[in-house]
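Take a look at the letters that make up each chain.
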Amino acid sequence: MEKFIKLIDTAIPLDAENVDTDQIIPARFLKATDKSGFGENLFRDWRFDKNGEPIEDFVLNQNKYSGSILIAGNNFGCGSSREHAAWAIKAYGFKAVVSSYFADIFKGNALNNGLLPVQVSPDFLHRLFTSVEKDPKEKFSIDLEQQKITIKSSGDSEHFDIDPYKKTCLINAYDDIDFLTSKLAEIKKFEEKRSGKESIPQETL
Amino acid sequence: MKKTLFDKIWDSHVVESIPDGPDILYIDKHLIHEVTSPQAFNELKERNIPVFRPEQIVATADHNTPTQDQHLPVKDLLSRKQLKELSQNCEENNITLYGLGHPYNGIVHVMAPELGITQPGMTIVCGDSHTSTHGAFGTIAFGIGTSQVTQVFASQCLLVEKPKKLRVNVNGKLKKGVLPKDVILYIISKLGTNSGTGYFCEYAGNVFEEMSMEGRMTVCNMSIEMGARGGLIAPDQTTIDYVEGREFAPKGEEFEKMKAYWETLKTDEGAEFDQEYSFEAEDIEPMITYGTNPGMGIKLTGSIPIEGDKSDAKALSYMNFKPGETLLEKPINYIFIGSCTNSRIEDFRVAASYIKGKRKADNVNALIVPGSQQVATQIREEGLDKVFEEAGFTLRQPGCSACLAMNDDKIPEGEYCVSTSNRNFEGRQGPGSRTILASPLTAAATAISGKISDHTLTLN
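Residues numbered from 1 in each chain as written. Chains lettered and ligands numbered in written order. Predicted model: local features only at pLDDT ≥ 70, side-chain atom pairs only at ≥ 80, totals over all residues. Heavy atoms only, no water.

(A) Fine view of the overall build of chain B. Check the secondary structure of chain B and you find 15 helices and 19 strands. For 460 residues, the compact-globule formula gives about 23 Å, and the C-alpha radius of gyration of chain B, at 21 Å, lands near that figure. Projecting the C-alpha coordinates of chain B onto the three principal axes gives extents of approximately 55 × 55 × 50 Å. The 460 residues of chain B split such that 68% are buried. Counted over contacts in chain B with a minimum sequence separation of 6, partners at least 24 positions apart contribute 75%. (Helix = DSSP H or I, 4+ residues; strand = E, 2+ residues; numbered from the N terminus. Rg over C-alpha atoms; globule rule 2.2 N^0.38 Å. Buried < 20%, exposed > 50% of the residue type's maximum accessible area, 1.4 Å probe, protein only. Contact = heavy atoms within 4.5 Å.)

Written as structure tokens, this is what we have:
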């Protein structure tokens, strides 16, 4: 996993709410058995028509917008648990997604892939949309150490929350597998304590 | 301290709590399928990490499988490769696989409960968001991403923050023709698609107590559609009777011991929830959705809300509906009865009881897909296959099928499908398809009349 410490870049505004993982990556593209190539089909049915031609109105097809920050409407990433959604966003070139709300599973998947979900207030999200729509060259800074997101030109900023453990993981590029495999002795002890029969916690016997 | 059902199960599975961080949560059963596991197996291989507890993993093939000619090689090459990798990965890692054609094969959330793999008090995970289904047994069951699948392979544990607790109470007497699907669609329509985010939801009240296990599974299945990671219902005699005697359920003395424990799994009187909602059963009517998320539901005889925001406008434009419009009498060319929400024997019984002696409308393409081989067998044993056949319905082999349209079972662009599945997202049932979520009874009635119809009219 890549480290995430601080990012300063322009952003692409996706002004839609309840963006579900079926839109991020439709199920028909989930047949791959490796993690590569999903970026090409990110937002496939919003980005391309049935003949594979780019749909001009869609933000990813508008040349004026670029950058590695995706700004999206409320409740981003709802629906299916497919991690392919996080892989697709990452593979397309995004490093952070900003929204006023993230669905649980998507948020976890993003964090496990070094893609930072930045949850801001609805008011601040509105200001982010306004600033990028006004000036597509506007830069935003996302500082994970300080847990702060800033609109560069105005200095308008907001604090964001993140699980302290996950923050450490991102800053150091650790992943949960390293941590969990270092705990196998404790896990075995836990298994033994459960009286050799699954599901019966000691205290109830 | 007074504990909720959720606390009791969660706390007994915590290996260690990391200060200022997540819990290390022990997982009793890990269910896997072909779509979200290959990258996890690859990662283990790359990092040279063995599968820690292969005997606690069960695999099935369901998402990406054809629903006809399952005895023949799978035609789609990518699907075939994905299925082959699942077989190889299971074989190399000593994991039990119930592959295509096996008598135990089926949709992961249908086959695991019916085989007795799912038992009260367990923690169960799967790389699929509808893992919440298993909560019907009083288990903590939730969907995970592929990185987490790798974590469970490597350690039989997950690093997770303990979610907050939500309780939804429904008490009273349900009207005739109102099915468990209507109850959950009603709840989601009232609470919205992200009301449950960050929560685990306990369903309580006499309505759930009186439901069959199949009905409880339908309810818990859709917990994720209001954003909740999982939903659960306290185990009771109905649960115990369902589990007893199943293939992998404990037997004899062991069963008695477990039963005594399962009976302790209920929320203590006075235990606190972070959020609680209550509804009256009498207010619930048969439901349908009109938009592109499961929260956009109305009663079958109702009309689309006139007040709406930008998202509603986008959804209505996709569905080609107008604010204020009534959906009753709307011509429909496709219906689908299946998916992990409604593909259990009870769902087909209720559909068949309505269909018996009738014939589908000529314009309708009616697809019936059982959730598992066992359900398919039961359909034949009870003669329901004849009912469907005589009515002109197409009965297929088990799988996820048109719920997510990974295989050939797709709804064509621009067509409406009254579907018993769980998601009406844009293009969910095929590019450009328009999904209307409903109960098996509403789907059956729609197939017969060729338009959205109020089946309750025939009940009185």
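Still more ground to cover, so stick around.
(B) Layout of the sheet that holds strand β8 (residues 157–160) of chain B. All names here are of chain B. The three strands lie next to each other as β1-β2-β8, forming an open sheet whose pairing is antiparallel. Looking along the sheet, the strands with just one partner apiece sit at the ends: β1 (14–17) and β8. The mean inter-strand angle of the sheet, taken between neighbouring strand axes irrespective of direction, is 20°. Sheet topology note: the β1/strand β2 (residues 23–26) ladder contains three bridges and is antiparallel. Within the sheet, the bridge partner assigned to Ser 17 lies in β2 and is Asp 23. (Pairing = 2+ DSSP bridges. Axes fitted to C-alpha atoms, helices over the stretch in contact; angles between N-to-C directions.)

(C) How the structure looks around the interface of chain B and chain A. On the chain A side, the residues contacting the 75 residues of chain B number 60 residues. For the pair chain B and chain A, the two sides together bury roughly 5500 Å², of which 56% comes from carbon and sulfur. Interface area lost by chain B to chain A is led by Gln 39, Leu 159 and Phe 425 of chain B, which between them contribute 10%. Joining chain B to chain A, the criterion identifies ten salt bridges. The interface formed by chain B and chain A includes 31 residue pairs in polar contact (both at pLDDT 80 or more). Of all the elements in the fold, those that place two or more residues in the side of chain B that touches chain A are β1, β2, α2 (38–47), α3 (77–92), α5 (146–155), β8, α10 (252–262) and α11 (310–319) of chain B. If one sorts the elements of the side of chain B that touches chain A by residue count, α5 of chain B sits on top with seven residues. Tallied by class, residues from the side of chain B that touches chain A come to 25 nonpolar, 28 polar and 22 charged. (Buried area = accessible area lost by both parts, 1.4 Å probe. Salt bridge = Lys/Arg side-chain N within 4 Å of Asp/Glu carboxyl O. Polar contact = N/O pair within 3.5 Å; in protein donor to acceptor, adjacent residues only side chain to side chain. Nonpolar A, V, L, I, M, F, W, Y, C, P; charged D, E, K, R; others polar.)

(D) Quick peek at the packing of helix α6 (residues 180–191) of chain B against helix α8 (residues 213–221) of chain B. All names here are of chain B. For the pair α6 and α8, the least separation of the axes is 8 Å and the interaxial angle reads 25°. Relative to α8, the element α6 is oriented roughly parallel. Handedness of the crossing formed by α6 with α8: right-handed. Judged by residue contacts, Pro 180, Lys 181 and Ile 184 of α6 engage Gly 215, Thr 218 and Val 219 from α8. By residue class, the composition of the contact of α6 with α8 is three nonpolar, two polar and one charged. (Parallel < 35°, antiparallel > 145°, perpendicular 65-115°, else oblique. Left-handed = near helix turned anticlockwise from the far one by under 90°.)

(E) Molecular detail of the side chain of Thr 289 of chain B. All names here are of chain B. Structurally, Thr 289 is set in strand β13 (residues 287–289). A polar side-chain atom of Thr 289 sits 3.2 Å from a polar atom in the side chain of Asn 424. Among the polar contacts listed, one links the side chain of Thr 289 to the backbone nitrogen of Leu 437, at a separation of 2.8 Å. Filtering out sequence-adjacent residues up to four positions away, Thr 289 remains in contact with Leu 185, Pro 294, Met 296, Gly 297, Leu 327, Asn 424, Thr 435, Ile 436 and Leu 437.

(F) Representation of the nonpolar core within the structure. Counting 106 residues, the largest nonpolar core has Phe 43, Phe 76 and Leu 116 of chain A as its most contacted members. Membership of the second largest hydrophobic core comes to 76 residues, among which are Val 51, Tyr 203, Val 219 and Ile 233 of chain B. (Core = buried A, V, L, I, M, F, W, Y, C linked by side-chain atoms within 4.5 Å.)

(G) Structural context of the packing of aromatic side chains. All names here are of chain B. Under the definition given, this model contains 23 aromatic pairs over all chains. Here Tyr 98 and Tyr 104 contribute two aromatic rings whose centre-to-centre distance is 5.2 Å and whose plane-to-plane angle is 80°, an arrangement assigned as edge-to-face. Pair check on accessibility: Tyr 98 and Tyr 104 agree, each one buried. Put simply, the rings of Phe 6, Trp 10, Phe 142 and Phe 200 pair up and form one aromatic cluster. Over the aromatic face of Phe 52 sits the side chain of Arg 53, whose NZ or CZ is 4.0 Å from the ring centroid. Against the face of Tyr 242 rests Arg 246, its NZ or CZ located 3.7 Å from the ring centre. (Phe/Tyr/Trp six-rings, centres within 6.5 Å; stacked < 30°, edge-to-face > 60°. Lys NZ or Arg CZ within 6 Å of the ring centre and 35° of its normal.)

(H) Structural context of the side chain of Ser 433 of chain B. Residues and elements named next belong to chain B. Positionally, Ser 433 belongs in the loop between β18 (416–419) and β19 (434–437). For Ser 433, a relative accessible area of 1% puts it in the buried group. A distance of 3.2 Å separates the side chain of Ser 433 from the backbone nitrogen of Gln 429, its partner in a polar contact.

(I) Geometry of the pairing of strand β10 (residues 199–204) of chain B. Residues and elements named next belong to chain B. Counting buried residues in β10 gives six out of six residues, a clear majority hidden from the surface. Neither face of β10 is exposed, since Tyr 199, Cys 201 and Tyr 203 on one face and Phe 200, Glu 202 and Ala 204 on the opposite face are all buried. Where strand β9 (residues 164–171) meets β10, six bridges bridge the pair, whose relative direction is parallel. Directly across from Lys 165, in β10, lies its bridge partner Phe 200. On the question of chirality, the crossover connecting β9 to the parallel β10 by way of α6 is right-handed. Sheet topology note: the β10/strand β11 (residues 230–232) ladder contains three bridges and is parallel. Pairing of Cys 201 across the sheet is with Gly 231, part of β11. (Right-handed = clockwise from strand over helix to strand, strands pointing away.)

(J) Up close: the sheet that holds β10 of chain B. All names here are of chain B. Taken together, four strands build an open sheet; the order of strands is β11-β10-β9-β12 and the sheet is parallel. Of all the strands in the sheet, the pair left with one neighbour each is β11 and β12 (275–280). On average, each strand axis in the sheet is inclined to that of its neighbour by 20°, with strand direction left out of account. Lying on the sheet, α6 is in contact with β9, β10 and β12; it crosses β12 at an angle near 125°.

(K) Examining the state of the cysteines more closely. Residues and elements named next belong to chain B. In total, this model carries zero disulfides over all chains according to the counting rule given. The cysteine Cys 90 is free of any disulfide, with Cys 126 supplying the nearest cysteine sulfur at 12 Å. Of the residues examined, Cys 90 reaches a relative accessible area of 2% and is grouped as buried. Looking at the unpaired Cys 340, the closest cysteine sulfur is the one in Cys 403, lying at 6.0 Å. With a relative accessible area of 7%, Cys 340 lands in the buried category. (Disulfide = S-S within 2.5 Å.)

(L) Highlighting the confidence of the model for chain A. Scored by pLDDT, chain A has a mean of 93; 95% of the residues are at 70 or more. Predicted confidence for residues 200–205 of chain A stays below pLDDT 50, and this span has 14 contacts to residues more than four positions away or in other chains. (pLDDT = per-residue confidence, 0-100.)

(M) Structural detail: the packing of helix α12 (residues 345–355) of chain B against helix α13 (residues 373–381) of chain B. All names here are of chain B. Where α12 meets α13, the closest approach of the two axes is 10 Å, and the angle between their N-to-C directions is 35°. In this structure, α12 meets α13 at a crossing whose hand is right-handed. Mapping the contact onto sequence places Ile 345, Phe 348 and Arg 349 in α12 and Val 375, Gln 378 and Ile 379 in α13. In terms of residue class, the contact of α12 with α13 is made up of four nonpolar, one polar and one charged.

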